[in-house]
Amino acid sequence: MIIKLAGIALAEIFIYSLLKAYKPEYAVISEIVCGVVIFLSLGSEISDIKAFFESAALSSGIEVRFSEVLLKALGTALIAQLAADSARDNGQSALAEKIELAGKVLILAISLPILKAVLQMITEFSKNR
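So, how was this worked out
Residues numbered from 1 in each chain as written. Predicted model: local features only at pLDDT ≥ 70, side-chain atom pairs only at ≥ 80, totals over all residues. Heavy atoms only, no water. pLDDT = per-residue confidence, 0-100. Helix = DSSP H or I, 4+ residues; strand = E, 2+ residues; numbered from the N terminus. Patch = residues over 30% accessible without salt bridge, like charges linked within 9 Å, V, L, I, M, F, W, Y side chains within 5 Å. Areas by Shrake-Rupley, 256 points an atom, 1.4 Å probe, with all protein chains shown as cover. Salt bridge = Lys/Arg side-chain N within 4 Å of Asp/Glu carboxyl O. Buried < 20%, exposed > 50% of the residue type's maximum accessible area, 1.4 Å probe, protein only. Expected span 1.5 Å × (residues − 1). Contact = heavy atoms within 4.5 Å.

Caption draft 1: Just the confidence of the model for the chain, in detail. Per-chain confidence: the chain averages 87 in pLDDT, with 100% of residues scoring 70 or above. The secondary-structure element of the chain with the lowest mean pLDDT is helix α3 (residues 43-60), recorded at 83, while helix α5 (residues 93-110) shows the highest, at 95.

Right, dumping it as structure tokens:
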């Protein structure tokens, strides 16, 4: 798999270099498309990771929704990083910082069910003491 991804990346470097010299406006598009292709190429691995988290949650007695929250947060972080890196590579560092901030806010929002459950556990524990 890594050889395939490295090949895609090397091809993109070549295409990007050519486009940047002759059609810079298309170079950015090719970079974004390549990032999306690489991300989508990981579909089976992402499915395996999701299955592992669900299995681990079921075997440990943890609610499956918590593992789903973890995966959503991880996916949000990866997509935000991909978008921010693309922006930064194209000289848009201010936009990259805004994307990273938005990703962090979204991760916090996605994590609220876990934070709520932790607070409930603390409250229950303190009542039983």
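Text resumes after the structure shown.
Caption draft 2: Structural view of a nonpolar patch on the surface. There is a patch of nonpolar side chains on the surface, built from F14, I15, L18 and Y22 and spanning about 470 Å² of accessible area. Residue position: Y22 is located in helix α1 (residues 2-22). Looking at Y22, the relative accessible area reads 67%, which means it is exposed.

Caption draft 3: Inspection of helix α4 (residues 64-89) at higher detail. Here α4 spans 38 Å end to end across 26 residues, near enough to the 38 Å set by a 1.5 Å rise per residue. For α4, every residue scored as buried is listed here: F66, S67, V69, L71, A73, T76, A80, A84, S86 and A87. In this fold, the buried residues of α4 make contact with α2 (24-41), α3, α5 and α6 (112-128).

Caption draft 4: Inspection of the pattern of salt bridges at higher detail. In total, this model carries three salt bridges according to the counting rule given. Residue K50 is joined to E54 by a salt bridge in which the shortest nitrogen-to-oxygen separation is 3.6 Å. Pair noted here: K50 and E54 are both in helix α3, with a separation of four residues, about one helical turn. Owing to a relative accessible area of 41%, K50 belongs among the partly exposed residues under this scheme. Taking the shortest distance from any N to any O, the salt bridge between E100 and R88 comes out at 2.9 Å. With a gap of twelve residues between them, E100 in helix α5 and R88 in helix α4 connect regions that are remote in the sequence. Taking the relative accessible area as the measure of exposure, E100 reaches 22% and is therefore partly exposed. Linked through salt bridges whose partners overlap, the residues forming this network are D85, R88 and E100.

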